[in-house]
Amino acid sequence: MQKRRWRWISLNLLRKLLMYAVCVIALVALFSVHLFPSSSSSKVPDFFDPFKLPTQHELKHQSWTRELTPPHLSKGKDPLSSHSRQLVGAREISDYDKLWKRSSNSKFEPCIEPSANYTPPGESRGYLLVHANGGLNQMRFGICDMVAVARIINATLVIPELDKKSFWQDNSHFSDVFDEDHFINVLANDVRVVKKLPKELATASKSKKEFRSWSGIEYYEEEITNSWLNHQIIQASKSDSRLANNYLPLDIQKLRCRACYEALRFAPRIEAMGKLLVDRMRSYGPYIALHLRFEKDMLAFSGCTQELSPAEAEELRILRNNTDNWKIKDIDSKEQRSKGECPLTPKEVGFFLSALGYPSNTPIYIAAGETYGGDSHMAHLLSRYPYIMSKEKLTTVEELQPFINHGSQLAALDYIVSVESDVFIPSYSGNMAKAVEGHRRFLGHRKTIVPLRKTIVRLFDKLENATLKERKKISNQIIDAHKKRQGSPRKRKGPISGTRGMDRFRSEESFYTNPKPECLCQRETPNVNTSHIIR
């Protein structure tokens, strides 16, 4: 009887304990719902959305770098999410640094401030109208030169008209590509810039000029300024290469740098999209921007047909013959290539990158237009380096739509991603390659590897023909040949010995490829008073 009673008491206690436990669990669950609402009921602020273009307010205090990933690349496991760790784990730290670390530049910094004798622009003698010709980077060079010319001849510069009739057939205006108000404001103490001619001068006669190529200051001061005697407007029909690379007054050279690297900023929507592309590439780790100039216009212009079919070569020959601005029509492709005057093919680029030691999981951004022949010519490069990106792959159709059919705006996006890359490699030394290399030098001699095409194709052919089988030996030759071609500080190269006339100027290194020494100066070491050092 006693045992039954104790059993009944134990069961009652167990029931009460279970009841209390259930109540406690229910209360905890109830409070959890109120204190921690589900993610579906909360809204993340827009500026944390990694798939949305930032607004101009959000961009105001940001650089081009923020790690973002586009929607169609974010699904599933990111094959390169631990890219940097993989590289370091596979190689010694010193080898990793050799691949990505920029050259030592601690002694040099931008120095573009005008001298003490520099004065604000005086009373204008008239207006300078400029037609900027060529592609984006050719126009950039020309616009910056015309800023300097306007200063020399004491003219008011009218916002330049961009080329709308070149191969790219782009109808963009200056304000579509560049930040017009920023350009005017930054140059206010150098040159007076206006958006349009005054109405009263709209029908006035103009002194139409094609300025002489690579001219010095005397040409403009003595010959061009005579036009002010009879005209209020000077109209320049071309802007490219109209100013000498060397032997100009220091303040004029510094003005060219202020125009190029401070005043000529891209339009806000281009800056925003460029930043988005940079951030999405950064999310994969350090990356190479490859200016792969294996494009229809370049191949037709240069006459290079390596790896092309007979039908493709014929198509390019017809295009070259039908383009009036391209003076040379009959070109020997093999001779061009042997002299290193052809852009590297995608296959040769893959060989070059492998020889330098870049592993197959290296992220590569293709800074170029459509590759001629499409996938058929990209197959070998993709087999070596599958993580090849482009603006088309990194964005949605809707994001890129505003820039489609505007070659200069698309080129501007490539320019931004290239300038901000960890390593920039051009397959050909055109205007884009020169502009990006110069800008990267100005920003701290960022690593830019300029291929010795003549050496590369010679070694590539030996490997292809099995006359040289030691891959390690080839790799060492490639690395040794490019040790001093990685963007380290140096003075601008002068003309090639023995050249004369215009060929002498043409052989000089462009001012915009290397603005040293005028715009990059050695940093002064602080003086240390050793008398106060306790020994």
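These numbers come from a predicted model, not from an experiment.

### A closer look at the overall build of the protein chain
Thought 1: Along the backbone of the protein chain there are 23 helices and 12 strands.
Thought 2: Sorting the 535 residues of the protein chain into buried and exposed places 48% on the buried side.
Thought 3: Across the protein chain, contacts joining residues at least 24 apart in sequence account for 80% of those joining residues at least 6 apart.
Thought 4: Approximately 28900 Å² of the protein chain is accessible, and the part contributed by carbon and sulfur atoms is 54%.

### As for the packing of aromatic side chains
Thought 1: Enumeration according to the criterion identifies 13 aromatic pairs in this entry.
Thought 2: Centroid distance Tyr 219 to Tyr 220: 4.9 Å. Interplanar angle 80°. Geometry classified as edge-to-face.
Thought 3: A residue is classified by how much of its surface remains accessible, and Tyr 219, at 9% relative accessible area, is buried.
Thought 4: Consider the rings of Phe 266 and Tyr 415, whose centres lie 5.7 Å apart with planes at 75°: the pair is edge-to-face. One end of the pair, Phe 266, is in the loop between helix H10 (250-263) and helix H11 (268-282); the other, Tyr 415, is in helix H19 (residues 407-419), and 149 residues separate them in sequence. We note that Phe 266, like Tyr 415, is buried.
Thought 5: Taken together, the ring pairs in this structure connect Phe 174, Phe 178, Phe 183, Phe 266 and Tyr 415 into an aromatic cluster.
Thought 6: Arg 151 extends its terminal NZ or CZ atom over the ring of Tyr 118, reaching a point 4.0 Å from the ring centre.

### Let's talk about a negative patch on the surface
Thought 1: On the surface, Glu 218, Glu 221, Glu 222 and Glu 223 cluster together into a patch of negative charge.
Thought 2: Within the element layout of this structure, Glu 222 appears in helix H9 (residues 217-223).

### Things to note about the layout of surface pockets
Thought 1: A volume near 480 Å³ is recorded for the second largest pocket.
Thought 2: A per-element tally of the lining of the second largest pocket places helix H5 (residues 93-100) first, with four residues.
Thought 3: In the lining of the second largest pocket, the residues fall into five nonpolar, six polar and 10 charged.

Scoring rules and cut-offs
Residues numbered from 1 in each chain as written. Predicted model: local features only at pLDDT ≥ 70, side-chain atom pairs only at ≥ 80, totals over all residues. Heavy atoms only, no water. Helix = DSSP H or I, 4+ residues; strand = E, 2+ residues; numbered from the N terminus. Buried < 20%, exposed > 50% of the residue type's maximum accessible area, 1.4 Å probe, protein only. Contact = heavy atoms within 4.5 Å. Areas by Shrake-Rupley, 256 points an atom, 1.4 Å probe, with all protein chains shown as cover. Phe/Tyr/Trp six-rings, centres within 6.5 Å; stacked < 30°, edge-to-face > 60°. Lys NZ or Arg CZ within 6 Å of the ring centre and 35° of its normal. Patch = residues over 30% accessible without salt bridge, like charges linked within 9 Å, V, L, I, M, F, W, Y side chains within 5 Å. Salt bridge = Lys/Arg side-chain N within 4 Å of Asp/Glu carboxyl O. Lys, Arg positive; Asp, Glu negative; His and termini not counted. Charge placed at Lys NZ, Arg CZ, Asp CG, Glu CD. 1 Å grid on protein atoms, 1.4 Å probe; cavity = no way out; pocket = protein on both sides within 12 Å on 5 of 7 lines; lining within 4 Å. Points joined across faces, edges and corners; volume = space filled by probe spheres on them. Nonpolar A, V, L, I, M, F, W, Y, C, P; charged D, E, K, R; others polar.

Function cannot be inferred from these measures alone, as they are strictly geometric.
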